[in-house]
Every structure is written in C-alpha cells, then in structure tokens.
Amino acid sequence: MTAGRAGRALRRPIRAGVIASVLTGVLLLLCCTGGTAAFFLSGLGGDAENGDALAGWGCGPVRPVDITGELPRFSEYGDAQVRNAAIIIKVGQDMGVPSRGWVIALATAMQESALRNLANKDVPESLSLPHEGVGADHDSLGLFQQRPGWGSIAERMTPAYTARKFYEKLVKVRRWQRRPLTVVAQQVQVSAYPDAYAKHEELASKIVDALAGGAARTVQLNGKAVCDAAERGEIAASGWTAPISGDVGSGFRTADRPSHNGVDIGAAKGTEIRAAAAGRVLVARCDPDNKGRRSCDVDGYPGKGGCGWFVDILHAGGFITRYCHMVVQPRVSPDQIVPAGEVIGQVGSSGNSSGPHLHFEVHLRSDRSSRGATDPIPFMRQRGAPLRAAE
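Residues numbered from 1 in each chain as written. Predicted model: local features only at pLDDT ≥ 70, side-chain atom pairs only at ≥ 80, totals over all residues. Heavy atoms only, no water.

1. Some points on the pattern of salt bridges
Considering all chains together, one arrives at 19 salt bridges under this definition. One salt bridge connects R331 with E272, and the closest N-O pair in it is separated by 3.7 Å. A residue pair is termed long-range when its members are at least 10 positions apart, and R331 in the loop between β9 (319–326) and β10 (337–338) and E272 in strand β6 (residues 272–274) qualify at 59 residues. According to the relative accessible area criterion, E272 is partly exposed, its value standing at 37%. What emerges from the salt-bridge pattern is a single network uniting E231, R232, D247 and R388. (Salt bridge = Lys/Arg side-chain N within 4 Å of Asp/Glu carboxyl O. Helix = DSSP H or I, 4+ residues; strand = E, 2+ residues; numbered from the N terminus. Buried < 20%, exposed > 50% of the residue type's maximum accessible area, 1.4 Å probe, protein only.)

2. Describing the environment of S349
Considering the arrangement of structural elements, one finds S349 in the loop between β11 (343–346) and β12 (357–363). The spacing of S349 and V327 is 22 residues in sequence and 6.1 Å in space, taken between C-alpha atoms. Aside from chain neighbours lying at most four places away, what touches S349 is D299, G300, H325, S354, G355 and P356. (Contact = heavy atoms within 4.5 Å.)

3. A short note on the packing of helix α3 (residues 79–95) against helix α4 (residues 99–113)
Following both chains from N to C, one finds α3 and α4 inclined at 150 degrees, their axes separated by 9 Å at the closest point. Of the two possible hands of crossing, α3 and α4 adopt the one that is right-handed. From α3, A85, I88, I89, G92 and Q93 reach across to α4, where they touch W102, A105, L106 and A109. Split into classes, the residues belonging to the contact of α3 with α4 amount to seven nonpolar, two polar and no charged. (Axes fitted to C-alpha atoms, helices over the stretch in contact; angles between N-to-C directions. Left-handed = near helix turned anticlockwise from the far one by under 90°. Nonpolar A, V, L, I, M, F, W, Y, C, P; charged D, E, K, R; others polar.)

4. A closer look at the pairing of β9
In terms of burial, β9 is a largely internal element, eight of the eight residues being buried. Pairing between strand β8 (residues 309–315) and β9: six bridges, direction antiparallel. Following the sheet pairing, I313 is matched in β9 by T321. As consecutive antiparallel partners, β8 and β9 are separated by three residues, and within that stretch G317 has a phi angle of approximately 90 degrees, a positive value. Relative to β12, β9 is paired through five bridges, and the arrangement is antiparallel. In the sheet register, C324 faces β12, and the bridge partner there is H359. (Pairing = 2+ DSSP bridges.)

5. A closer look at the state of the cysteines
In total, this model carries three disulfides according to the counting rule given. Put simply, C59 and C227 are joined by a disulfide, and their sulfur atoms are 2.2 Å apart. What sets the handedness of the C59 and C227 disulfide is the S-S torsion sign, and at about -75 degrees it is left-handed. You can see C59 sitting in the loop between α2 (51–55) and α3 and its partner C227 sitting in strand β4 (residues 224–227), a full 168 residues away along the chain. When the bonded cysteines of the protein chain are counted from the start of the sequence, the pairing works out to 1-2, 3-4, 5-6. (Disulfide = S-S within 2.5 Å.)

6. Examining unusual backbone geometry
Excluding glycine, a negative phi dihedral is what most residues carry, and trans is how most peptide bonds are arranged. Residues other than glycine seldom take positive phi values, yet A114 does so here, at roughly 55 degrees. Tracing the sequence through the fold places A114 in the loop between α4 and β1 (119–120). Residue classification places A114 among the buried positions, given a relative accessible area of 1%. A positive phi is found at D335, a non-glycine position, where the angle reads about 75 degrees. By the secondary structure assignment, D335 is in the loop between β9 and β10. Taking the relative accessible area as the measure of exposure, D335 reaches 55% and is therefore exposed.

7. Some thoughts on the confidence of the model for the protein chain
When pLDDT is averaged across the protein chain, the result is 87; 85% of the residues are at 70 or more. Contacts for the low-pLDDT stretch residues 7–47, under 50 throughout, to residues beyond four places or in other chains number 67 contacts. (pLDDT = per-residue confidence, 0-100.)

8. A few points about the side chain of D264
Following the sequence through the fold, D264 ends up in strand β5 (residues 263–266). One polar contact links D264 to H359, side chain to side chain, over a distance of 3.1 Å. (Polar contact = N/O pair within 3.5 Å; in protein donor to acceptor, adjacent residues only side chain to side chain.)

9. Points about the pairing of strand β3 (residues 218–221)
Along any regular strand the residues' side chains alternate between the sheet's two faces. One ladder, built from four bridges, connects β3 with β4; its direction is antiparallel. Note that in β4 the partner of V219 across the bridge is V226. Counted along the chain from β3 to the antiparallel partner β4, the turn is two residues long, and its residue N222 has a positive phi close to 55 degrees.

10. Some words on the environment of A267
Within the fold, A267 resides in the loop between β5 and β6. Through-space distance from the C-alpha of A267 to that of P356 is 6.4 Å; in sequence the pair is 89 residues apart. Not counting chain neighbours up to four residues away, the residues in contact with A267 comprise I244, V347, P356 and H357.

Dropping the structure here:
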C-alpha cells in the first residue's frame, strides 16, 4: 500500500536556501567554463530527426555511430557539437569501452567545453588549427580541455585523439561503471569544479540513446550489451538500476487510489533494496503514523499511516527516489553519498502497509512533495531499468 502521508515534512520541497545555493553554484560554473554560450546557439538546419524523440525509442541492437552522416538535432546543441558527441561515442565503440563510458565521456565534455573544440587565446598555435571557439583556461585545449601532459597542441585539438586519451584513463579508475559519474569524471579530469559533471548525465544519456540505438539503456552482461536488464544490481549505462526484482502490484495514481504517488513492488521480507542511482541521502528514518507514533519496528496495517522506515535519495538532475516500508532501520544515513546499486535497506511492512513490499516513488525538480511525483514505470523504463510487470 501507499506510504499514506509519509510525514508532513515529505510534503515540502527541498528548502529554498538549498536550491538557491545550488543555483548560485550552477550560475558560477556557467560563467566560468568558457563554453556555455554554445548552449544558446542552435546552429541547426536541414531535416534531421529530433534527438529527444529518438532517445525515447526502444533499445537495441546497439548500432555503430556514423560520424559522417546526418545526425539528430538537440535543442541544446548545434550541428558541430552533436557531431563532436558522435565522435566521442564512436571512439568509445572502437575501443570496446562499455556504453556507460560513453555517457561519462559526453557529460565530461559537455561541462568542459559545451562539446566545442576550443582553442586557447594563450596558446597561439591552437588558433591556427580548426576550432569552434576560443577558451582561456590556463593552457587547456579541445573538447576535454586537456593540458600539455595529455599531448601536443595539434593532438589536443583533434577530437578523436582527446576522446581516446580520456577513455584510456577512465577505464583505469577503480569500479568506474558503478561509482557516481561526477566522482569518476573528476578522477580523470582533476577539475577545479568536481561536482559540475553530474548535471549533464541525463542529457548525455539521451544523446547516447539517440546516436547509438538506445545504448544508454543497456547493461554489460557476459561481455554483451543487453537492453533493459538493470534489475539485479546491474547498472544501466544511464546510471540507473531497479531497486529490487519483483512484480509491480498497485500502480501510480490509479482510479482506485488516486493519491498513490508511487508503485508497490512485491517481495519477500528481508529482500535487499538498492539505490536506484548514485546520489545523496536526504532522509533515512522512521516516519510517524497517523497518531504521531514512531513505531516502525513492528509490521504495520492498512490505515495506520506513514511510510514506516524509509529513505529519500537526491540524484543528479534534481530527481528524488523514495523507498518505504523497510523492515528495520535503513543502512544509510542523511548526507551519505551512495553509488547506484548500493544496498540501502530491506523490504518490510512497516507503516501504512498490508504486507511485505517496497513502495517506490520518483520525484522531479527536487520536489519531495506529491506535486513532484511522477510515474516510476515509464521513468525507469526510459533509463533501461524497467520495473517488472510494468506494461
């Protein structure tokens, strides 16, 4: 059953001060990266297909990227930038890097250069080479803003070379396919803004899907890219996984339960619950019931009210996931950073519940209230981590 009210605090969005702080940080990053003006330059033309529409198509088979043909359009980027994205993906494909690496590489280049091959006013030789803008960050050049240790000036101004150098270092990062994107990218780049990469993960996944046949929805199983199989702890290239393996019972805001802001996934008591994506724990506690009691160490019942033992996690892109009715206190604590797939608790029946199951919610725009809730079924399917029996 639904978590009922899940506490009055759950009806409020993240504090305005926190949002203001995040926005200030984002604006600061935008003014200092040197390439963000490209976000407002369409540079589009012709009859190329819409990238957002292609990103929503089914998954597989993963197709090789054709960097010479017509490419889909994205409102955020112009033709040259999308072609640079295609080059980055193609290099990853040629090197045999799993598709999660393509998403990380794209998100990194989106932050470093807005997908533009940047020369540098303080490196005069770079100005005579083909480029799509001029930066001014030390002696950094190209899509990934690489410094002299990465190669010669001509090499760093060659998109395919810079992508290859990025991947060569990426695959040496320990557990890079499971760790948060921003952590992995920082291990490679050693940036002055280590938290900046994560905000590009969602769009990077869409671009990978559109250019490579839904590749961001795949997981690596036995050396093969398998579509829509991020269910038992496997992480899709998008960075998402299903929180548990189980069948969806009660759905999102059905006619019988219009205030049910999530879905119920059946599972045995004690089944491990995983974080659906990397993020920061916002809440991990016992939710009071309708009488204000914090009695989460016993099984609940319909009409008791409250979410029982529950966890809220904030992910890149302002997404929040909620996990309710745990059998015992969660294994994580507020402000803890968790990777995708980390066990955060166990299935139970605490709170407003008729039996063991996971009540799972997804919220948009950093809004923990019912206003921010969205249907988890299409949301998770689009990320290659579908909830079973969801069709």
